[in-house]
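# Residue-level structural notes
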Amino acid sequence: MKKTIQQHTLQISTRIKLILVFVLIFGLSKAQHADIMGRIIDEYQFPLMDVKITDGASTTYTDGNGEFSISVQANTEISLSFDLEGRLPYTETLYLSEGETKELFVMLAPDTESILLGEAVIFQPLPEKPLNSISFDPATIDASIGITGGITEMIGSLPTVSVGSELSSQYRVRGGNYDENLIYVNGIEIYKPQLIRSGEQEGLGFVNPSMTDAVNFSAGGWEPKYGDKMSSVLDIIYKRPKSFEGAIEASLMGGSLTLGTASKNQKFSAIIGGRYQNRNLVLKTLDSNSDMNPVYYDVQASLNYKFNSKWELSFLGAKTDSKFEMIPKDRETKFGTLDSPMSLKVFYDGNEEDLFTTESASLTLHHKPNARLNLVLDAFGFHSKEKEYFDIYGAYLINELDGDGNTVSTYDIGSQIDHARNNLDAMVIGIQHRGKYKFDVNSDLEWGVKFQQEDIRDLLSEWQYVDSTGYSIPNPYYPGVSDESDFVLNYSVHARNELKSNRYAGFAQYTKRFFWGKSKVLVNGGIRATYWDFNEEWNISPRAQIAIKPDWKATNMTFRFNTGIYYQPPFYREIRRLDGSLNNEVKAQQSIHFILGNDYEFKMWNRDFKMTTEAYYKILNDLNPYFVDNVRVRYTADNNSKGHGYGLDFRLFGQFVEGVDSWLSLSYARAFQNIDKRGEIPLPTDPRFRASIFFQDYMPILPSFKVNVNLVYASGLPNGAPPMTDPYDYTSYLSDYKRVDIGFVKEIINQNELKAKGNFWKNFKELSIGLDIFNIFDIRNEISNTWVRDVNSSRVYGVPNRLTGRFLNAKIRMKF
């Protein structure tokens, strides 16, 4: 019995020793590990995805933000290697102590043999990037000058894009209108106010350049994962700071403050930006003499929290206020030709008060179960409250002038009254899921589903009265006009609409990379489907892209072909008739894209350059005819038109001056429509010829003094008189748009000088002062026409509404 007890005691003792040894070994093993985390970027500081990182024992991959985390052996020398196809491999030797956390930031240089698609390496350096998109370096956006915030000015320098007004952040792409462009920020679609009719009302664009980490733009032929418009996609990614940072800018038009921070363990990051702008000084360069108070401000926040390597939560929120007050006094505009010069003199009474308030928010949950699978769930909301009130009385005279500008004769024309009490409240809420599965490094599958509910309430009351020496003048074309009384309105719109509807969308797409002989090939194809219960319409949108990079020794070229059927289901304005009523039979407009592109990379002045050429053709079906007045698009709410568009675009990109990017763009394009089979006429946004230059330079002997130039020339748009005539009465075009903006910057402190400064100045990354000269040649471009009639109402005069003149803006910028 005693022996048995001893044996059991010995067994228990042995087990305890084994357990203690195991615990000791396990504890030592845990204690002898260190952690490495960081971010991998490309030469443009864009994050690189799916970079393989290994120390020989453990392997991990960077996520969609280029970030990674790996545990390695401590107290010993390790070699950590970074590898991604299309990039030169990199290895770093490290020696870490027990429990130490090391932070690394690595830039992988491109391999000269890598496959290029459009402006991007074949293994996408940025998540959700269109295959044929153009990318912008955030530093270049910082250097750009503009009234609306910088992003629009960059996009407007591309050959495919037309910006009709320097006061507006809206733009047209390849003959489309302002409503045909998609905008995403951090994967969330952005909506804009509905009632804005002029750039003076609009204020700042949504995108805050100081918060922006990457900008990608596609002018057609994009993948199924992007939504349902006919012209373009703008994809914005906001920064994720790694430490505390900030930027302050102040100018004669306003200012901005941006702050970013991150926790020590890099699990939490946040960036918050606020902007304020008052354009009163620049608006004083317009033809009209008015008291104006145009005030705009916004606040945006992007927050991210990473629970672990598999779960992450993100928030994006924004609030924008645009307030526009105007008391017009008088206006004098000279117009006509050299043979028949004329002038319009208007005396005003009344005022205008507009207010546009928008709030948007999104909450995103990221889940990455393993290196192959990435799942995303978004909940989002958008709310817009808009008010447009004005009562403006104008008494006008038209004068005939002689060659010296003196009045020869005067027509005592009469007067005009414009009245509006327009209120709109729009709410959009929804939820969407996106997913991506990588079969291997050369193929992946992406999918997504989306539900969206819209609740819109619109109270519309707007009319115009035109009097010519005692006689009111009716407009027979415009609906809602009655001539049964002596008081006849030129147009009158009254409506009280409430619309609550649901939208559904989904997509799936497959991407494959492979070799065809020695040529490198990428193929992407998929399908997108949408349904709207207001008009009970289903749309199926197949899309495909292919890119081929031949194995040519002497020439570095990539060829691309994109095609697809792109539907644009109507939003609220597209279903509202000219008389204010809603048409539930309006269907989605359709655009079929055929785009052939070529990228030619070559050396010039021992520096890299790229020439991008694209030819495109669009077939347009079920078009909803519209009128364009300034930046307002007013639809007839009918699918009684079809059309087509075609064009040829060129862009030469490179460092004309070493160290800074510049480019030259050229484009010729046409866009036509056929309403009710009455014959082809140009679309109101028919682009024709366009040329632009964005050029950066600095003084070799004084590199801290920099200059950039933005030059734009664009053919004028058709200038029919929508409120008074049939849309087929296009008799001429607006004058060509010509503008040159120049910005000068003097860096007082830059990053290379920080170490030489004292304790206070070492906290600053940059301190600079600048001077922007807008419209340096004071060219008075035209945005639209004011239409008036003579004493007998027998002749209609198109009096141009001109844009801003020359304006100087001083500014100071500080980064820390």
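Residues numbered from 1 in each chain as written. Predicted model: local features only at pLDDT ≥ 70, side-chain atom pairs only at ≥ 80, totals over all residues. Heavy atoms only, no water.

### Regarding the overall build of the protein chain
Helix and strand counts for the protein chain stand at 6 helices and 44 strands. Counting the 816 residues in the protein chain, one finds 55% classified as buried. Taking contacts inside the protein chain between residues at least 6 apart in sequence as the whole, the part at least 24 apart equals 66%. Accessible surface, the protein chain: about 35,400 Å² in total, of which carbon and sulfur atoms supply 58%. (Helix = DSSP H or I, 4+ residues; strand = E, 2+ residues; numbered from the N terminus. Buried < 20%, exposed > 50% of the residue type's maximum accessible area, 1.4 Å probe, protein only. Contact = heavy atoms within 4.5 Å. Areas by Shrake-Rupley, 256 points an atom, 1.4 Å probe, with all protein chains shown as cover.)

### Structural notes on the sheet that holds strand β4 (residues 67–73)
Spatially, β4-β1-β7 is the arrangement adopted by the 3 strands of the open sheet, whose pairing is mixed. Two strands in the sheet have a free side with no partner beyond their single neighbour: β4 and β7 (101–107). Direction aside, the axes of adjacent strands within the sheet are offset by 25° on average. Pairing geometry for strand β1 (residues 33–41) and β4, over 7 bridges, is antiparallel. Within β4, the position partnered with Asp35 by the bridge is Ser71. (Pairing = 2+ DSSP bridges. Axes fitted to C-alpha atoms, helices over the stretch in contact; angles between N-to-C directions.)

### What to know about the pattern of salt bridges
Enumeration according to the criterion identifies 41 salt bridges in this entry. A salt bridge links Arg197 to Glu388, with the nearest nitrogen and oxygen atoms 2.6 Å apart. Of this pair, Arg197 sits in the loop between β14 (188–189) and α4 (199–202) while Glu388 is found in strand β23 (residues 373–401), placing the two residues 191 residues apart along the sequence. The class of Arg197 is buried, set by a relative accessible area of 15%. Among the ionic pairs, Asp321 bridges to Lys319, the shortest N-O distance being 3.9 Å. The exposure class assigned to Asp321 is buried, which follows from its relative accessible area of 14%. It is possible to trace a salt-bridge network through shared partners that takes in Arg174, Arg560, Asp599, Glu614 and Asp649. (Salt bridge = Lys/Arg side-chain N within 4 Å of Asp/Glu carboxyl O.)

### Things to note about the packing of aromatic side chains
This structure, assessed with the given rule, holds 27 aromatic pairs. Note on Phe451 and Tyr504: the rings are 5.3 Å apart at their centroids and 50° apart in plane angle, and the pair reads as tilted. One end of the pair, Phe451, is in strand β25 (residues 443–468); the other, Tyr504, is in strand β27 (residues 491–516), with 53 residues separating them in the sequence. Three or more aromatic residues link up through ring pairs in this structure, and these residues are Tyr600, Phe602, Trp605, Phe609 and Phe656. The positively charged end of Arg503 is found above the aromatic ring belonging to Trp532, 4.0 Å away from the centroid. Over the aromatic face of Tyr733 sits the side chain of Arg688, whose NZ or CZ is 3.9 Å from the ring centroid. (Phe/Tyr/Trp six-rings, centres within 6.5 Å; stacked < 30°, edge-to-face > 60°. Lys NZ or Arg CZ within 6 Å of the ring centre and 35° of its normal.)

### Concerning the sheet that holds strand β16 (residues 232–238)
With mixed pairing, the 5 strands of this open sheet are ordered in space as β10-β15-β16-β13-β14. A single partner strand is all that each edge strand has here, and the edge strands are β10 (134–136) and β14. Bridge count for β10 against strand β15 (residues 212–218) is 3 bridges, and the pairing is antiparallel. When the bridges of β15 are listed, Ile134 appears paired with Phe217.

### Re the side chain of Ser360
Following the sequence through the fold, Ser360 ends up in strand β22 (residues 341–367). Setting aside chain neighbours within four positions, we find Ser360 in contact with Phe206, Leu316, Gly317, Ala318, Gly381 and Phe382.

### A closer look at unusual backbone geometry
Phi at Asn186 takes a positive value of approximately 55°, unusual for a residue other than glycine. Structurally, Asn186 is set in the loop between β13 (181–185) and β14. Backbone geometry places Asp778, a non-glycine residue, at a positive phi of 55°.

### Notes on the pairing of strand β35 (residues 641–657)
As defined by bridge partners, strand β32 (residues 607–623) adjoins β35 across 13 bridges and the pair is classed as antiparallel. The residue bridging Phe609 from the neighbouring strand is Gly654, located in β35. Relative to strand β36 (residues 660–675), β35 runs antiparallel, the two sharing 15 bridges. Bridged to Gly647 within β36 is Ala669. Hairpin remark: β35 followed by β36, antiparallel, with 2 residues in the connecting loop; positive phi at Gly659, about 100°.

### Overview of the environment of Asp551
Within the secondary structure, Asp551 is located in the loop between β29 (537–549) and β30 (556–568). Sequence separation of Asp551 and Ser519 is 32 residues, and the distance between their C-alpha atoms is 5.1 Å. Not counting chain neighbours up to four residues away, the residues in contact with Asp551 comprise Lys518 and Ser519.

### Things to note about the confidence of the model for the protein chain
Mean pLDDT over the protein chain stands at 84; residues scoring 70 or higher make up 87%. Throughout residues 1–12 the model reports pLDDT below 50, and contacts reaching past four residues in sequence, or to other chains, amount to 0 contacts. (pLDDT = per-residue confidence, 0-100.)

### Quick word on the environment of Val449
With respect to the element layout, Val449 can be found in strand β25. Residues Val449 and Ile431, spaced 18 residues apart in sequence, show a C-alpha to C-alpha distance of 8.6 Å. Discounting chain neighbours no more than four positions away, the residues touching Val449 are Ile431, Gln432, His433, Ala505 and Gly506.

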